[in-house]
Amino acid sequence: MNKLVECNNLTIAYDKNIVLEKVNFEIYEGEYLCVAGENGSGKSTLIKSILGLKSPSTGSIEFFGFRKNEIGYLPQQTAVQKDFPAGVFEIALSGCLNRSGWRPFYSKEDKLLAKINLELMGVYGLRKRCFCQLSGGEQRRVLLARALCSARKLLVLDEPVSGLDPAAAREFYTTMRYINQNRHMTILMVTHDIDLALHDADRVLYVKGGTAHCSTAEEFRKSEETQKWMGGQNNA
Amino acid sequence: MLESVLTMFSYPFLIRALIAGVSVALASSLLGTTLVLKRYSMIGDGLSHVSFGCLAVAAALNWAPLALTLPVVSAAAFLLLKLNNNKKIFGDAAIALITCAALAVGVIVISVTTGMNVDVYNYMFGSILSITKTDMIVSVTISSSVILVFVLLFHRIFAVTFDEPFSKATGLKTGAYQTLFALSTAVTIVIGMRLVGALLISGLLIFPPLSAMRVCKTFKSTTIFSAILSVLCFFAGLVLSFLANLPAGATVIVMNAAVFCCLFAFGKLVYLIRQYKTKGKTIQ
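Just so you know, these numbers come straight off a predicted model, no measurement behind them.

Caption draft 1: Quick peek at the overall build of chain A. When helices and strands are counted, chain A shows eight helices and nine strands. Relative to the 2.2 N^0.38 estimate, which gives 18 Å for 236 residues, the radius of gyration of chain A is 18 Å and therefore close to what a compact globule would have. Counting only residues that meet the buried cut, chain A has 51% of its 236 residues in that class. Relative to all contacts within chain A whose residues are 6 or more apart in sequence, the contacts with residues 24 or more apart total 67%. Surface accessibility of chain A: about 11000 Å² in total, with carbon and sulfur atoms responsible for 48%. Of the charged side chains in chain A, 30 are positive and 27 negative; the average position of the first set lies 6 Å away from that of the second.

Okay, here's the thing in structure tokens:
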């Protein structure tokens, strides 16, 4: 498999508080990589630095054979103010901007892409509605459709199922598996929902105690650490 | 009445006022949508006070007003828009600081040099009826470039306003758009100040978008509607000020305020009717 992203000796700090230290890992093309760990362990910080939203104190992040504008991103929370006039279709389309180069307006292909992704997420019927009038779950789907529009190689998801009910979460994981397998999309997902994640993911990046290490999903399931963290659910 | 409106436009100075005013009203209403949504409603006020201070200093030094005002106000706009990212001094507090300081400097410089006179009054409340042909050409040129930049970058401005981290993470050059936006805001305020004055320019920036937001659901419709409202209010305000012999800048802003109140009431009414309807459905 081709390497897409390589992180070398990454140290990330807020002011002088070191969150993560000497993190090394790679992301390979076409894989489904889960980032797991406790609250406040630095999972979101780690992916923010991959996305260029937080610059690391030391170390490097290298991209191989792809550029930043081939990334799709679903933020953990988008705090949109209550009266922001933004249409659902407008938002999904805005995901296409990173492929339009210097072109000032959207092309027919862009509009088609937005339509396809809204349909995939089951919210095409809401396309004329105002974003702020939607429910939390519907908003997540619209933002995910936007992320799918902007993703060509790598899709980064920060706690995608928070705010979704269990049925919707299961449906979401099915969609992700479909995208991973049929669109050959590399997926990097931060999640708490470790059971479902282990089911689908190829590998797990476990963030704990200021550092992170990778293992395959199988290894991760068997490790003592996981057993302890999951409260012995697997023994039952 | 129609006759007096026709007489009104037989005066060349009123034609000049109309052309310059409409172009500035259009440019400021476009920029205003993003400013309001980014919680920068007061930036127009802050920057106009900075340009007031600059004009006072320029007058004291006998410099051309725009030569000093444009760069300083652009720098201030850039600084204020960037401060949002730096949470140590909050954006609104920074605007208040700059507003007060610039106004104080302006007042001191004026009192030491010329004293409060007609010029100063014009800086504060605008002098739309006394603008020259050159002023008009400058206003129209600058506003048209701002409008052109806005139209070409429309979708990108929406993306950055709606969700900046997403735009940055997916490879848009958010910093460049912000800089361009700050620059556009600065030049619009500097030229708009000559029309309606330092005290009223933020009205031109924020009233039309806020009115449009009462009834529009998408960014595109809000922007277009706000541009239309801004031009109509400017026209109506200018005519009214001529007919009733009122100060032009203030009348334009009062027009905007009246339209805002109407649309606010209309928006609430639509909301109530919709709620009533959905309730009816659930009962059935």
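Alright, that's what it looks like, and here's the rest.
Caption draft 2: Spatial organisation of the packing of helix α2 (residues 12–37) of chain B against helix α11 (residues 201–215) of chain B. Residue and element names in this part refer to chain B. Two numbers describe how α2 lies on α11: the axes approach to 7 Å, and their chain directions differ by 65 degrees. Regarding the angle of α2 to α11, the classification is roughly perpendicular. In terms of crossing hand, the pair formed by α2 and α11 is right-handed. Every residue of α11 that contacts α2 at Val24, Ser28, Ser29, Leu31, Gly32, Thr33, Leu35, Val36 and Leu37 is listed here: Leu204, Leu205, Ile206, Pro208, Pro209, Leu210 and Met213. Of the residues assigned to the contact of α2 with α11, the class counts are 12 nonpolar, four polar and no charged.

Caption draft 3: Molecular detail of a positive patch on the surface. Residues A:Arg129, B:Lys217, B:Arg274 and B:Lys277 make up a contiguous surface patch of positive charge. On the secondary structure map, B:Arg274 appears in helix α13 (residues 248–283).

Caption draft 4: The arrangement of the side chain of B:Thr161 in detail. Mapped onto the elements of the fold, B:Thr161 is located in helix α8 (residues 154–162). A polar side-chain atom of B:Thr161 sits 2.5 Å from the main-chain carbonyl oxygen of B:Ile157. Excluding residues that lie within four positions of it along the chain, B:Thr161 makes contacts with A:Phe84, B:Thr34, B:Leu37 and B:Lys38.

Caption draft 5: Representation of the interface of chain B and chain A within the structure. The interface of chain B with chain A comprises 28 residues on the first partner and 36 residues on the second. Carbon and sulfur atoms make up 63% of the area that chain B and chain A hide from each other, which totals about 2700 Å². Counting across the interface, chain B meets chain A through one salt bridge. Among the salt bridges present, the one from B:Asp163 reaches A:Arg146, with a minimum N-O distance of 2.7 Å. For the side of chain B that touches chain A, the secondary-structure elements that each account for two or more residues are α2, α7 (133–152), α8, α9 (164–169), α11 and α12 (219–244) of chain B. The element that contributes the greatest number of residues to the side of chain B that touches chain A is α8(B), accounting for six residues.

Caption draft 6: Quick look at the pattern of salt bridges. Residues and elements named next belong to chain A. On inspection of all chains with the given rule, the structure shows nine salt bridges over all chains. A salt bridge links arginine 203 to glutamate 31, with the shortest nitrogen-to-oxygen separation between them at 2.8 Å. Taken together, the residues arginine 203 in strand β8 (residues 203–208) and glutamate 31 in the loop between β2 (17–28) and β3 (32–37) connect sequence positions 172 residues apart. Its relative accessible area of 16% is what places arginine 203 among the buried residues. Using a relative accessible area of 2% as the deciding quantity, one classes glutamate 31 as buried. In this structure, the salt-bridge partner of arginine 103 is aspartate 110, at a minimum N-O distance of 3.4 Å.

Caption draft 7: Quick look at the environment of A:Gln139. All names here are of chain A. You can see glutamine 139 is positioned in helix α4 (residues 136–150). Its relative accessible area of 21% is what places glutamine 139 among the partly exposed residues. Placed 131 residues apart in sequence, glutamine 139 and asparagine 8 show a C-alpha to C-alpha distance of 35 Å. With residues up to four places along the chain from it excluded, the contact list for glutamine 139 reads Phe131, Cys132 and Leu134.

Each value, and the rule that gives it
- Residues numbered from 1 in each chain as written.
- Chains lettered and ligands numbered in written order.
- Predicted model: local features only at pLDDT ≥ 70, side-chain atom pairs only at ≥ 80, totals over all residues.
- Heavy atoms only, no water.
- Helix = DSSP H or I, 4+ residues; strand = E, 2+ residues; numbered from the N terminus.
- Rg over C-alpha atoms; globule rule 2.2 N^0.38 Å.
- Buried < 20%, exposed > 50% of the residue type's maximum accessible area, 1.4 Å probe, protein only.
- Contact = heavy atoms within 4.5 Å.
- Areas by Shrake-Rupley, 256 points an atom, 1.4 Å probe, with all protein chains shown as cover.
- Lys, Arg positive; Asp, Glu negative; His and termini not counted.
- Charge placed at Lys NZ, Arg CZ, Asp CG, Glu CD.
- Axes fitted to C-alpha atoms, helices over the stretch in contact; angles between N-to-C directions.
- Parallel < 35°, antiparallel > 145°, perpendicular 65-115°, else oblique.
- Left-handed = near helix turned anticlockwise from the far one by under 90°.
- Nonpolar A, V, L, I, M, F, W, Y, C, P; charged D, E, K, R; others polar.
- Patch = residues over 30% accessible without salt bridge, like charges linked within 9 Å, V, L, I, M, F, W, Y side chains within 5 Å.
- Salt bridge = Lys/Arg side-chain N within 4 Å of Asp/Glu carboxyl O.
- Polar contact = N/O pair within 3.5 Å; in protein donor to acceptor, adjacent residues only side chain to side chain.
- Buried area = accessible area lost by both parts, 1.4 Å probe.

Geometric values such as these leave the question of function open.
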